[in-house]
Amino acid sequence: MEKTSKKTNIPGSVAEIAGVLRKNGFKAYFVGGCVRDLLLGRDPKDWDIAANARPEEVMKIFPDSFCENKFGTVGVKAKMENGETEIVEVTTFRKEGKYSDFRRPDEIKFAETIEEDLARRDFTVNALALNIAEGMAEKIIDPFNGQSDIQNKIIRAVGDPRERFGEDALRLMRAVRFACQLNFTIAEETAAAIKEKAGLLEAISKERIRDELQKTIMSPKAAGGIAMLEDLGLLRHILPELREGLGVGQNKHHIYGVWEHNLRALDYAASNGYSFEVRTASLLHDVGKPRSKRGEGPDSTFYAHEIIGGKMTARLLDNLKFSKETVEKITHLVRHHLFYYNVDEVTEAGVRRFLSRVGVEHIDDLFKVREADRIGSGVPKAVPYKLRHLRFMIDKVRHDPLSPKMLKVNGGDVMTIAGLEPGPKIGRILAVLLEEVLDDPAKNDREDLKDRVFALAKLSDEELEKLAQRAKKTKEEFESGIVEEMKKKHYVK
Ligand code: ATP
Ligand code: MG
């Protein structure tokens, strides 16, 4: 077993870095999240050291290290027991100068003491330092009573909360994020200051907001976190569209209003440890309901809310600078969350068309969102018989050819066989072939398809279009089912 520093479980190679700094005559402490996590008995995510060595001095001592950012943080490599390399961040003691833009200090000043360095940190639970010097008793430096706040599970700003949020408004969201990750509550005065300063979030970059939101959603208390963001007046600056559901009631098929239903769906997804995409799609799946609502009371309807919701989702996630893939994935899940299935009515071809449309790679996540939707509406069973049967049908057909690239002929083959130049006609022929193969996978035979290409090439564009449409009739069968279900669920007459 790797030698760890006694009591603290700091890996030997990590503790060694602080030791080497000390041997070179510097003061070096573990600081921030790792000390907090050690005291909580959690595994620290990363290791941060604060030292009175200047960045260039740190780099001289550790030749393999590199400068990470403009604040002079130096990354030092530590070889872990499992053979992986971890980067330990060594930062020079710092105090921060004046802030004039609610984001960044105007200048960074190096400090002489660890106490000054701790005073610039955001919350008392993050403003702890640990001295593990050899031959000394391990000692916690705790000028702001962070240990007592850890014990009482409290997030409290260091010093005057109004001032601290005024310096860096991202701390408004960090307070909520830590409360959710650690299952802590926010101290009264700190919470009051957040409410007062909530508007400053507008000065923060979308990327930093995105990262904090993502961490909050990935915490086990995700739904509580969204509710907390709302209570503290922050959500209007992050996800204003979600707030449209506040106070919007549903119809006789629902016991919860839109807002609470969305939160309950997220809660289900988070407590099952689902991915960020599934959690976020669960939170947003009904975001389009307020705008699609017609009528009031038990007979109100939400026709096409998944289409409106899909568009809203794409826009709001894009605005928060999520990656293109993330935006597309979550939007797709929201857009298709409302699929319908009736055991007796749907054929295997219908299921293949459904899979071809939503993408077989999304189907498991789509089921998870559907599950979150059901549980979030207060219906006790996550997977009722109909959905289990659909699962069974999907497993039966999921390896059938479902996309153009699974056809036994490709665009190049079509051009050779039919003597065609590249152009839209190739795509039209492939579309007809796919529709026919979706109807009957046995038709995906290279020789048969070649014959078919030969015949199809003689048809006009209009005739090809018509053939593709006719083959799609089973899809319509499946989709008209959706309309039927929506009529039932949302009470359209
Ligand atoms: P995590 O487990 O997410 O890494 P952490 O507490 O380590 O949590 P980091 O964002 O890695 O959080 O920051 C490391 C430390 O730097 C914090 O514990 C805190 O002391 C300080 N810190 C980070 N961001 C800020 C900020 N915006 N304002 C003040 N102090 C900050
Ligand atoms: Mg950290």
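All values derive from a computational prediction rather than experimental measurement.

Definitions and cut-offs
- Residues numbered from 1 in each chain as written.
- Chains lettered and ligands numbered in written order.
- Predicted model: local features only at pLDDT ≥ 70, side-chain atom pairs only at ≥ 80, totals over all residues.
- Heavy atoms only, no water.
- Phe/Tyr/Trp six-rings, centres within 6.5 Å; stacked < 30°, edge-to-face > 60°.
- Lys NZ or Arg CZ within 6 Å of the ring centre and 35° of its normal.
- Salt bridge = Lys/Arg side-chain N within 4 Å of Asp/Glu carboxyl O.
- Helix = DSSP H or I, 4+ residues; strand = E, 2+ residues; numbered from the N terminus.
- Domains from an automatic or database assignment.
- Contact = heavy atoms within 4.5 Å.
- Buried area = accessible area lost by both parts, 1.4 Å probe.
- Polar contact = N/O pair within 3.5 Å; in protein donor to acceptor, adjacent residues only side chain to side chain.
- Nonpolar A, V, L, I, M, F, W, Y, C, P; charged D, E, K, R; others polar.
- Buried < 20%, exposed > 50% of the residue type's maximum accessible area, 1.4 Å probe, protein only.
- Axes fitted to C-alpha atoms, helices over the stretch in contact; angles between N-to-C directions.
- Parallel < 35°, antiparallel > 145°, perpendicular 65-115°, else oblique.
- Near = heavy atom within 4 Å.
- Areas by Shrake-Rupley, 256 points an atom, 1.4 Å probe, with all protein chains shown as cover.
- 1 Å grid on protein atoms, 1.4 Å probe; cavity = no way out; pocket = protein on both sides within 12 Å on 5 of 7 lines; lining within 4 Å.
- Sits in = over half its atoms within 2 Å of the grid points.
- Disulfide = S-S within 2.5 Å.
- Points joined across faces, edges and corners; volume = space filled by probe spheres on them.

A few points about the packing of aromatic side chains
Overall, the coordinates contain seven aromatic pairs when judged by the stated rule. Cluster of aromatic residues (ring-pair linked, three or more members): F339, F354 and F367. Here the basic side chain of K289 rests over the ring of F302, its NZ or CZ set 5.0 Å away from the ring centre. Lying across the ring of F339, R370 places its NZ or CZ 4.8 Å from the centre.

Points about the pattern of salt bridges
On inspection of all chains with the given rule, the structure shows 32 salt bridges. The residue R164 makes a salt bridge to E167 at a minimum N-O spacing of 2.9 Å. Taken together, the residues R164 and E167, both in helix α6 (residues 161-167) and three residues apart, mark about one turn of the helix. The shortest N-O distance in the salt bridge between R243 and E230 comes to 2.7 Å. Here R243 is found in the loop between α10 (222-231) and α11 (258-271), whereas its partner E230 is found in helix α10, with 13 residues between them in sequence. Each of E348, R352, K396 and D400 takes part in one network of salt bridges that share partners.

Digging into the domain arrangement of the protein
What the domain assignment reports for the protein is domain 1 (2-150), domain 2 (153-238) and domain 3 (404-458). Its C-alpha centre places domain 1 at a distance of 24 Å from the equivalent point of domain 2. At the junction of the two partners, domain 1 supplies 22 residues and domain 2 supplies 23 residues. For the pair domain 1 and domain 2, the two sides together bury roughly 1,900 Å², of which 55% comes from carbon and sulfur. Across the domain 1-domain 2 interface, the total number found is 11 residue pairs in polar contact (both at pLDDT 80 or more). Broken down by secondary-structure element, the contributors of at least two residues to the side of domain 1 that touches domain 2 are α2 (33-40) and α5 (146-151). Residue contributions to the side of domain 1 that touches domain 2 peak at three residues, all from α2. The residue makeup of the side of domain 1 that touches domain 2, split by class, is nine nonpolar, two polar and 11 charged.

Here's the deal with unusual backbone geometry
Glycine aside, residues mostly have negative phi angles, and peptide bonds mostly take the trans form. With phi around 60 degrees, N183 is a residue other than glycine that occupies positive phi space. Residue placement: N183 occurs in the loop between α7 (170-182) and β11 (185-186). The exposure class assigned to N183 is partly exposed, which follows from its relative accessible area of 43%. Positioned with a positive phi, A304 is a non-glycine residue whose angle comes to about 65 degrees. With respect to the secondary-structure elements, A304 resides in the loop between α13 (289-292) and α14 (305-319).

Notes on the environment of I49
In this fold, I49 is placed in strand β2 (residues 48-51). Of the residues examined, I49 reaches a relative accessible area of 0% and is grouped as buried. On a C-alpha basis, the gap between I49 and A28 in space is 6.5 Å, while along the polypeptide they are 21 residues apart. Excluding anything up to four places from it in sequence, I49 contacts V14, I17, A18, L21, A28, Y29, F30, V31, V88, E89, V90 and T91.

Considerations on the packing of helix α9 (residues 206-217) against α10
For the pair α9 and α10, interaxial distance at closest approach is 7 Å and the crossing angle is 135 degrees. The angle between α9 and α10 falls in the class oblique. Contacts between α9 and α10 pair L213, T216 and I217 from the former with A222, G225, I226 and L229 from the latter.

A word on the environment of G225
Locating G225 in the fold gives a position in helix α10. For the pair G225 and L239, spaced 14 residues apart in the sequence, the C-alpha separation amounts to 13 Å. If we ignore the near neighbours within four places in the chain, the residues touching G225 are V176, C180 and T216.

Things to note about the site of ligand 1
As a structural note, the neighbourhood of ligand 1 is formed by 15 residues, with R36, K45, D168, R171 and R177 the closest of them. Between ligand 1 and R121 there is a distance of 3.0 Å, counted from an oxygen atom to a side-chain nitrogen or oxygen. A distance of 3.0 Å separates an oxygen atom of ligand 1 from a polar side-chain atom of R174. When ligand 1 sits alone it has 590 Å² of accessible area, and the protein chains cover 81% of it. Taking a 2 Å distance to the grid points as the criterion, the majority of the atoms of ligand 1 fall inside the largest pocket. Among the elements that line the shell around ligand 1, the one with the most residues is α7, at four residues.

A few points about the state of the cysteines
For the structure shown, the criterion picks out zero disulfides. Distance from the sulfur of C34, which forms no disulfide, to the nearest cysteine sulfur (C67) is 20 Å.

Quick word on the side chain of S282
Mapped onto the fold, S282 is located in helix α12 (residues 276-284). On the basis of relative accessibility, which here comes to 0%, the residue S282 falls in the buried class. Reaching out from S282, the side chain makes a polar contact with the backbone oxygen of V278 at a distance of 2.7 Å. Residues contacting S282, with those up to four places away along its chain left out, are N262, A265, L266, A269, V369 and A372.

Comments concerning the layout of surface pockets
Vacant regions in the atomic arrangement are exposed by a probe of water-molecule size rolled over the atoms. In this structure, the largest pocket spans a volume of roughly 1,400 Å³. For the lining of the largest pocket, the secondary structure elements donating two or more residues are α2, β2, β5 (85-92), β6 (94-96), α7 and α9. Among the residues making up the lining of the largest pocket, the classes are represented as 11 nonpolar, eight polar and 24 charged. No fewer than three residues from each of domain 1 (2-150) and domain 2 (153-238) sit in the lining of the largest pocket.

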